Structures are given as structure tokens and as C-alpha cells.
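The chain contents come next:
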Amino acid sequence: MKNILVIFFALLLASCSEKKHTETKEILGLGKYVYLDDNAVYHSRSSCIKLRNGHDDNGHEIYAKQPIDTADFYIEDKRYFRVCSRCVTDRIYEQMLDITERNSTAPVEKIYIGWDD
């Protein structure tokens, strides 16, 4: 019985890791949503620190975010397209441009919402 406890305790100690789990800046890619803050800056993650604790050009706190499904994501004028310097990497920026290109050529579905008579 003591041998089983010693082996169990040894396995328990061997499975413990002292590595700290830190967030990496490089993200594999976009998820289902892109987030737009109230300063017209796009973020790739809802947990971005600049989205949660950021400030606009006048120093006011950002208080709103608008999730945009990547299936509906479209950049109308690329000259005014601003992205977060913290959570949007070059790779994610290129993905955003590719999604815009794909969505600009996709047929637009017209949905009628109303009461049936």
C-alpha cells in the first residue's frame, strides 16, 4: 500500500509544471468575430487590453464594442481602416483584407422582415 502511495505522489509531482502560462502576441488567426470599438478601431479579440481599457484620441475611455461576424465583415474605404496595434498582427491584417475581398464579391442576400398578411 505504501508503494502505491509513493508512486502516486511521485507521479503527481512529475506532472506539475512551474511554467507560467502567458499570453502570446502572435495569434493563429481570426475567430468568428472582429470587434469595432467606439473609436473606429478594429480588434481581433474581445479580450484585447486596449479594447477593455483603452482610450480614444481625446483621452476618453472606450466603453463600447461592436462584434461583427466575419461573414459580414467588409471594409468600405481602406484608407480609413484602423486596426489595433496590440492584437492585430500582420497576418491577421492580411486575413481581414482577404475576408473583405471575399465578401465584396459574394452575392448579397436580401431578407424581408415583416408580418405576413
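Reading the values: rules and limits
Residues numbered from 1 in each chain as written. Predicted model: local features only at pLDDT ≥ 70, side-chain atom pairs only at ≥ 80, totals over all residues. Heavy atoms only, no water. Pairing = 2+ DSSP bridges. Helix = DSSP H or I, 4+ residues; strand = E, 2+ residues; numbered from the N terminus. Expected span 1.5 Å × (residues − 1). Buried < 20%, exposed > 50% of the residue type's maximum accessible area, 1.4 Å probe, protein only. Arc of directions from axis to C-beta. Contact = heavy atoms within 4.5 Å. Phe/Tyr/Trp six-rings, centres within 6.5 Å; stacked < 30°, edge-to-face > 60°.

With respect to the sheet that holds strand β3 (residues 65-69)
In spatial order, the strands read β3-β1-β2-β4; together these four strands make up an open sheet with mixed pairing. On the outer flanks of this sheet lie β3 and β4 (82-83), each paired with one strand and no other.

Observations concerning helix α3 (residues 90-105)
Taking 1.5 Å per residue, 16 residues should reach 22 Å; α3 reaches 23 Å between its end C-alpha atoms and fits that length. By the burial criterion, the buried members of α3 are I92, M96, I99, T100 and N103. Relative to the axis of α3, the buried residues are bounded by an arc of 100° and lie together on one face. Set apart from the buried face of α3 by more than 90 degrees, the exposed residues are D90, D98 and T105. Those residues of α3 that are buried are in contact with β1 (33-37), β2 (41-43) and β4.

A short note on the packing of aromatic side chains
As enumerated under the stated definition, the model contains five aromatic pairs in all. Arranged with centres 5.1 Å apart and planes meeting at 45°, the rings of Y42 and F81 form a pair that is tilted. Linking Y42 in strand β2 with F81 in the loop between β3 and β4, this pair joins segments that are 39 residues apart in sequence. As far as the burial class goes, Y42 and F81 line up, both buried. Centroid distance F73 to F81: 6.3 Å. Interplanar angle 55°. Geometry classified as tilted. For the pair formed by F73 and F81, the shared burial category is buried. Here the aromatic residues Y42, F73, F81 and Y93 are joined through ring pairs into a cluster of three or more.

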